[in-house]
Each structure stands twice: as structure tokens, then as C-alpha cells.
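Breakdown of the fold
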Amino acid sequence: MGTDLPSYPTSIQQEIYDESLYLTLMTKVDGKVSRGLILKIRDQFALADTLKKWESSMTNDLKQSFALTTTKVVSVGFLDNTYQGVAIRYRNFIDSNNTIDYAVINAPNGDTYLVITSSKAHIYAVIDRIGGIVPGK
């Protein structure tokens, strides 16, 4: 991700548990790298409104660190999706390999994470891992 860490609002920083921040990378179908951010959070309900408000500047905040190609916007705003019962908000730029996808995931151990990735396949993989789902079973 180079030297630039993703930027996110102060109100989200206040909800991060113990300053937990994880960066994740995944090779996409096109051979490029999808980037992701995982934040362990305190209260998903307190975070919900903040995330919706952040959507107006999220693209600009994540553009450089997520290496997003934002010149060809496919979806004007964020849209809804679900995967394995997890609600996802996303915005496509060129295709599903160049996106901002985010979700709040509840792990089986009771921990809650905010996950933001730059591809649909990447967030699906993180949901499978954090949610304890074993693909193919």
C-alpha cells in the first residue's frame, strides 16, 4: 500500500477497539492486487450512521491507498449487497474488481470488524474467514 494508510473519519477512530488495524492484500482475477482494511470495532450500531455519512468522501479518502481507478464511475453512489447473510455496501468504478466494498462482520468469538476492500472477491474472502465459513462446505 505504499506509505499512505487509508484515511477515515475521527468518528470511526473513536469506535476502533484498542487501535486495532489490519491491512490485507489479495490477488484479483486480473492479476492486480486488491487492498483491504480491517478494523476491530466496539459498537457496530454507533458506527452505522457514521459509515453512511462517510460515503460522500470515502472514494476520495481511499483513492490513493486503495489504488482505485475512479475515472469511470459505474455506480453514482453506494449500493447494497449481501453475502453469507452479511450486509455489504459497495461502489463500482470500472467493474467488480475495482470497487469500494465495506461491511461490518460479527465473528463467532463475539468480536466485530469493519472491513473495507477494493474488490468484491476480496470482501467475500474476508467474510468467509472472519465469519468462520469454510468455502466449499
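Preceding block: the structure.
Residues numbered from 1 in each chain as written. Predicted model: local features only at pLDDT ≥ 70, side-chain atom pairs only at ≥ 80, totals over all residues. Heavy atoms only, no water.

So, the packing of aromatic side chains
Convention followed: Aromatic contacts are taken between Phe, Tyr and Trp rings whose centres are within 6.5 Å, Trp giving its six-membered ring; a plane angle under 30 degrees counts as stacked, one over 60 as edge-to-face, and the others as tilted. In DSSP terms, a helix is any run of H or I states spanning at least four residues, a strand is any run of E spanning at least two, and both are numbered starting from the N terminus. Categorising residues by exposure relies on relative accessible area from a 1.4 Å probe, with only protein chains included: less than 20% of the type maximum marks a residue as buried, more than 50% marks it as exposed, and the intermediate range marks it as partly exposed.
The final tally for this structure, using the stated rule, is two aromatic pairs. For the ring pair Tyr 83 and Tyr 124, a centre distance of 4.0 Å and an interplane angle of 10° mean the geometry is stacked. Here the residue Tyr 83 occupies a position in strand β3 (residues 79–83), and Tyr 124 occupies one in helix α3 (residues 120–130), the gap between them amounting to 41 residues. For Tyr 83, a relative accessible area of 19% gives the class buried.

A word on the nonpolar core
Taken as a class, soluble globular proteins show a tendency for nonpolar side chains to be buried jointly. Under the convention used in this document: As used here, the term nonpolar core means buried Ala, Val, Leu, Ile, Met, Phe, Trp, Tyr and Cys residues forming a set that is joined through side-chain atoms within 4.5 Å. Residue contacts are defined here by distance: any two heavy atoms, one from each residue, within 4.5 Å place the two residues in contact.
Membership of the largest hydrophobic core comes to 19 residues, with the highest contact counts inside it found for Ile 12, Leu 39, Trp 54, Leu 62, Ile 100, Leu 114 and Ile 116. Of all the secondary-structure elements, those providing two or more residues to this core are β2 (33–41), α2 (44–62), β5 (99–106) and β6 (112–117). At five residues, the largest contribution of residues to this core is made by α2. Residues in contact with Ile 100, not counting those within four places in the same chain, are Met 58, Thr 59, Leu 62, Leu 68, Phe 78, Arg 89, Tyr 90, Arg 91, Phe 93, Ile 116 and Thr 117. Core analysis: the next-biggest nonpolar cluster, separate from the first, contains 14 residues, Tyr 83, Ala 107, Ile 123 and Ile 127 among them.

Some thoughts on the pattern of salt bridges
Formally: For salt bridges, the criterion is a side-chain nitrogen of Lys or Arg within 4 Å of an Asp or Glu carboxyl oxygen.
By the definition in use, this model includes three salt bridges. A salt bridge links Glu 55 to Arg 89, with the shortest nitrogen-to-oxygen separation between them at 2.8 Å. Pair noted here: Glu 55 is in helix α2 and Arg 89 is in strand β4 (residues 86–92), with a separation of 34 residues, a long-range link. Side by side, Glu 55 and Arg 89 carry an identical accessibility label, which is buried.

By themselves, these observations are geometric and do not establish any function.
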